[in-house]
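# Coordinate analysis (summary)
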Amino acid sequence: MVVGLGNIYVTPDALGPKVINEIDVTRHLINYLPQYVEEGTRMVSAIAPGVLGTTGIETVEILKGIVENIKPKLLIVIDALASRSIERISSTVQLSDTGIVPGAGVGNTRSEISKNTLGIPVIAIGIPTVVETAVLVNDCLDVFIQKLQDEAKSNDYLNKLKEEDNYEEIKEALLPKEYNLIVTPRG
């Protein structure tokens, strides 16, 4: 069974539910129309259970009920992650066979989804889609400081920068690394 974690209505958290729409589910075909299924096809089911704020139910509680009833052999859980580096946004894939704790990366920790809580193996696949402002500022400062060091500007230049609006200078330093992101606050 494939599980897409996240909130479909919040763009950076919609990865899991969007992936579910791309899964080739076969459980219903094997159960009800076996004559149309190629021999050796695996039984696959998929669900995007939503989030606690929408359903009022912990995701692990929903999954326990499903696991009890359909008895999948394996759970593959897909979720968006928070990163501690701008470079990892949409460019890193994290794989784990120990499960996942939804919301942990943004301080909204939910109940663990793992073999311990569900009784079947859980493979977690995560892709970073967000960073905190502190990470963003820290990474951008590193890039900007490196630019200043590379240009070996004088202290007079640094004092002048401190007094001015440095938007264009900072943007110029960030663009080559594609770090000039648009950031939105939590709603």
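Residues numbered from 1 in each chain as written. Predicted model: local features only at pLDDT ≥ 70, side-chain atom pairs only at ≥ 80, totals over all residues. Heavy atoms only, no water.

Along the backbone of the protein chain there are eight helices and five strands. Across the protein chain, helices and strands are ordered from the amino to the carboxyl terminus as β-α-α-β-α-α-β-β-α-β-α-α-α. Within the protein chain, the fraction of its 187 residues that count as buried is 30%. Long-range contacts, defined as pairs at least 24 residues apart, comprise 67% of the intrachain contacts of the protein chain with a sequence gap of at least 6. Accessible surface for the protein chain amounts to roughly 12400 Å². Of this, 51% is attributable to carbon and sulfur atoms. (Helix = DSSP H or I, 4+ residues; strand = E, 2+ residues; numbered from the N terminus. Buried < 20%, exposed > 50% of the residue type's maximum accessible area, 1.4 Å probe, protein only. Contact = heavy atoms within 4.5 Å. Areas by Shrake-Rupley, 256 points an atom, 1.4 Å probe, with all protein chains shown as cover.)

A word on the sheet that holds strand β3 (residues 75-83). Strand order in this open sheet of five strands is β2-β1-β3-β5-β4, and the pairing throughout is mixed. Edge strands, defined here as strands with exactly one partner in the open sheet, are β2 (46-47) and β4 (94-96). Examined bridge by bridge, β3 and strand β5 (residues 122-131) share nine bridges and lie parallel to one another. In the sheet register, A82 faces β5, and the bridge partner there is V130. (Pairing = 2+ DSSP bridges.)

This part takes up a nonpolar patch on the surface. A surface patch of nonpolar side chains, about 480 Å² in accessible area, is lined by L29, Y32, L33 and Y36. Mapped onto the secondary structure, L29 falls in helix α2 (residues 27-32). Accessibility expressed as a relative area gives 31% for L29, which makes it partly exposed. (Patch = residues over 30% accessible without salt bridge, like charges linked within 9 Å, V, L, I, M, F, W, Y side chains within 5 Å. Salt bridge = Lys/Arg side-chain N within 4 Å of Asp/Glu carboxyl O.)

Counting residues in hydrophobic clusters, the biggest one holds 17 residues, and the most contacted among them are L75, V77, I113 and L118. Listing elements by their share of this core, those giving two or more residues are α4 (59-70), β3 and β5. Considering each element in turn, this core owes the most residues, five residues, to α4. In terms of nonpolar packing, the next biggest core, distinct from the first, is built from eight residues, L136, V143, F144 and L148 among them. (Core = buried A, V, L, I, M, F, W, Y, C linked by side-chain atoms within 4.5 Å.)

Along the polypeptide, D139 turns up in helix α6 (residues 133-151). Residue contacts for D139: discarding those within four places in its chain leaves R84, S85 and I86.

Shape is all these values report; function is a separate question.
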